[in-house]
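Next come the chains, spelled out residue by residue.
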Amino acid sequence: MRSILLALLIILFPGTLAAQILKGTIRDSSGEPLAYSTVYIRELKQGTTSNTKGNYEIHLAEGKYTIVFQSLGFAPDIREITLGKKIINLDITLQTQYYEIPEVRITASGEDPAYGIMRKVIGLAPYYLNQVSHYKAEVYLKGDLVIKRIPKFIQKSMKVEGKDQSGNSVSSTAMKEGDSYLMESVNELEFNAPDKYIQRVLSYQSTFPEKGNEISPMGFIQGSFYQPVIGSMDISPLAPEAFSHYRFKYLGSSPQGNYFVNKIQVIPKRKSQQLFEGTIFIIEDLWCIHSLDLVNENLAGKIRIQQLYIPVQEDLWMPVSHKFEIALSIIGFKADISYGSSIKYESVSPNTALKKPQFTGTFSSGRILPQNMQEDTTRTKTRKQIEKLLSKDELSNRDMMKLSGLMEKESKNIKADSSGKSLEVKDKIKPIIEKDASKKDSSYWAEIRPIPLSESEKKSFRVSDSLKAKLNIKSQKNDTVKTADKGKSKFVKMLNNICFVHTWSDTSGFSFVNGGLINLKRLTFNPVDGFVYGIDFRITKSWKKGNTLSFYPAFSYAFSNEQFMWSIYTHYSFDRLHQRQIYFNTGLISKDFNNNGGINVFLNTVTCLMLKENWRKIYESRYFMAGYKSEIINGLYGEYDINLENRKILSNTTDFSLIKSSKEYTENVPDNPFLNNPVTSNNLLEDQKHADISAIITYTPKQKYRIHDKVKIPMGSDWPTFTFTYKHGINESTELASSWKGYDLIKFEASESHKIGAFGQYFWIFRSGGFLNNQDIPFYDFFHFSSQQLPLLLNSYRDAFMLPGYYSLSTPEFFTEAHTRYTNPYLLLKLLPGLSNTLIRENLSASFLWSRFQECYTEIGYSLSEVFLIGEIGIYAGFDNLRYKSIGAKLVLKFK
């Protein structure tokens, strides 16, 4: 349960600390307590909040302080407080904040003034996202969980685990409706631009369920509404494409100190789990966030976020408190969850490398820039374009997009300068957990806690302590029973480890994985082999330097063909900084003629047994392969291998199927134009001996990488990946007394995949190649393409043809192949009310194939992906020489 909550917390943001001797209750004018109101001490740059009952308590040293009491929708109350040795009780009543629409905001065009404000905010969002170079803060985080409803079918499986005095987990009682849980933690956080964090967990305690009870506020600290996407899923109202997803309504402005604050209503254009609705408050002239109150509804329930910003320095507004509420509702399970945070900024340094945009237009608030402001002679061309846009009184949508792009470009240039030219990707977060973080006593928490506990929260900790004590006693009583059953359970465990997948490992780096005697994934059927069942193992040895030796033996038996099959794959990785590896592969197996994406083996088993349709055509392969792969320079790889193979044509040996039918299985011969043509089919399918050597050169310019435990891990690039393949092969017929015949193959490939906007993605791949001498090339060595003709698929295919037969496109001639796919959450059907509130994405695809002596084949498609999170539904149309050929629907199920 706790892990679900942490996954939801990914959309919260920056928080920090606490200190002594002022307390009271914050209420509205009617006397109702205001939960999670902000209490900010200007001198200390410290923020805290009231609890659910409106109570606050802060511990401060003696002296004079300026305290700001504030809550969304209410005017702030600023008090000058002098603290002595006595406790001061100060109750606060906040008055409702009224917003008025000034005449100057009424536009001649009739456009709502909110759009003019939001254009400037969206345009400057990249600046405010990167305006801080460094900060160090202390974060107090407190969360509450109240169980509202638990369905009976999962109630017994939801337990609160305890630990005995040795730290071992022991059984516990099941969670019940009405139970409440609490967690709190104090964290020290340090940020260094552009994206490096050091997190030190100083203390934490929790009554949450033990599983997933890690305390890490970093997931929400990195989030910000200035980012286009929040929590990798939700579209911010400040995203560059926000006008495509949101409507905005101006609700008025109100003076607050030296600033005017604009109140903007955020309205989704359609009901969607990726959008917010609510209110956002914008500071006039600065065009930055003052506060926000937004709600998002998704599969987990309703999530409400309230956030308040305060100037920690002049014109440098940062969040100091958060209120985060979740009305959780998943498959009948319901719970109320709330999180609050308190922040104390110990130091904040603005990003001086990122110059603040100069506003030269008219300011409605009447604020005047200093007359002695000096001209910045070092301004770049980008900055001048930014300032030119900001000099306009009103921005168009085009101006907004251009301003946002320029600010993003300026920010990226600063990041590139700060990180140098290195392509190494380093960890953004360095977590450090103090050894005694979970051992703090109640007196410590009473001293450090900035948000006072309510009575129900205090009760939660008392109940948790009592439960743990009972569990320790219960654990000791069960020790005797466990000893008596030890012999029996050991035998059962051993039997279970043999029958099902199990891993044995030790601290020396050795591991052994048993694939299990009972594993339905290893059961297949086809009319050539009949039923096939097997077992597999994996043996791995790792050394401290990162070197790894892996050994993968697999054994199976074809019952109808009466053939014992086996394979052994050996892989040795060394010098992991250059990703060097040597591999050997040998065995006797039944192999698909299409080695580049034939039918799924399990799907073919189902069509054989249920429909008596065998789409997978196979041959017997006795093979040995050896190869070597290494990175030559960053992004440039060389792979070289040699392959020996004895190929044998196989025939059907059984007519079995689960459904009785007079229908016969088709012959074990691929359906291909060259094989069907009497002129070209001569000697294309026969038993033969084969040998080849190949070289594959792959290059990805400016490839980013990460180094972990002396192992280099590629992390992608903004450039395409280029691959060149050369193969020289020779074949000898085992039926005819003929000499060896050779061929030379070349192939070039380029591919790229990158994100577009919040949830869009664009993928393309291009291949071209051919045989330099293609006389008497057997069907085994043809160019084979990934084609998936059945309406049901069990894998995701980005570079496949969806309509042609599995072997119909294979060719020995020169060819050119291309695939492209564009993904976006809103293209056509997602704009409809019934689909807009889902996580479904829409896809447009196009594929092309040309090969000599064959017609050009083109295919276009439209599909909906992430249907129920695991499916994709699409429709595709095929054309020969741009003439309509066929159409078909696809259902793709994606199981990992």
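Residues numbered from 1 in each chain as written. Predicted model: local features only at pLDDT ≥ 70, side-chain atom pairs only at ≥ 80, totals over all residues. Heavy atoms only, no water.

Asks: Whenever I open this one, the pattern of salt bridges confuses me. Can you help?
Replies: Following the criterion strictly, the structure yields 28 salt bridges and no others. Between K885 and D880 there is a salt bridge whose closest N-O contact spans 3.5 Å. Its relative accessible area of 48% is what places K885 among the partly exposed residues. D880 gets classed as buried once you look at its relative accessible area, which sits at 14%. (Salt bridge = Lys/Arg side-chain N within 4 Å of Asp/Glu carboxyl O. Buried < 20%, exposed > 50% of the residue type's maximum accessible area, 1.4 Å probe, protein only.)

Asks: What is the right way to look at the environment of R883 in this model?
Replies: Assignment of secondary structure puts R883 in strand β44 (residues 883-893). Linking R883 and Y857, residues 26 residues apart in sequence, is a C-alpha distance of 9.2 Å. Apart from residues no more than four positions distant in its own chain, R883 is found in contact with E855 and G878. (Helix = DSSP H or I, 4+ residues; strand = E, 2+ residues; numbered from the N terminus. Contact = heavy atoms within 4.5 Å.)

Asks: Where do I start with the packing of aromatic side chains in this structure?
Replies: Both the distance between ring centres and the angle between the ring planes are used here to describe each pair of aromatic rings. Taken as a whole and judged by the stated rule, the model has 38 aromatic pairs. Where Y135 meets Y345, the ring centres are 5.8 Å apart and the plane angle is 80°; that geometry is what we call edge-to-face. Highlighted residues: Y135 in strand β9 (residues 132-149) and Y345 in strand β22 (residues 333-350), separated in sequence by 210 residues. Across the pair, exposure class does not vary: Y135 and Y345 are buried alike. Among the aromatic side chains, those forming a connected cluster through ring pairs are F593, Y619, F674, F779, Y780 and F782. (Phe/Tyr/Trp six-rings, centres within 6.5 Å; stacked < 30°, edge-to-face > 60°.)

Asks: For this particular structure, what's the right way to read the pairing of strand β19 (residues 288-298)?
Replies: Consecutive side chains of a regular strand alternate in pointing toward one face of the sheet and then the other. Most of β19 sits inside the fold, with 10 of its 11 residues counted as buried. Bridging between strand β18 (residues 277-283) and β19 involves 7 bridges; their strand directions are antiparallel. Within β19, the position partnered with G278 by the bridge is L294. Where β18 folds back on β19, the antiparallel hairpin that results is connected by 4 residues, among which D285 adopts a positive phi of roughly 75°. Inspection of the sheet shows β19 paired to strand β20 (residues 301-313) by 8 bridges, in the antiparallel sense. Considered in β20, the bridge of D293 is made with Q306. Where β19 folds back onto β20 in an antiparallel hairpin, the turn is made up of 2 residues. (Pairing = 2+ DSSP bridges.)

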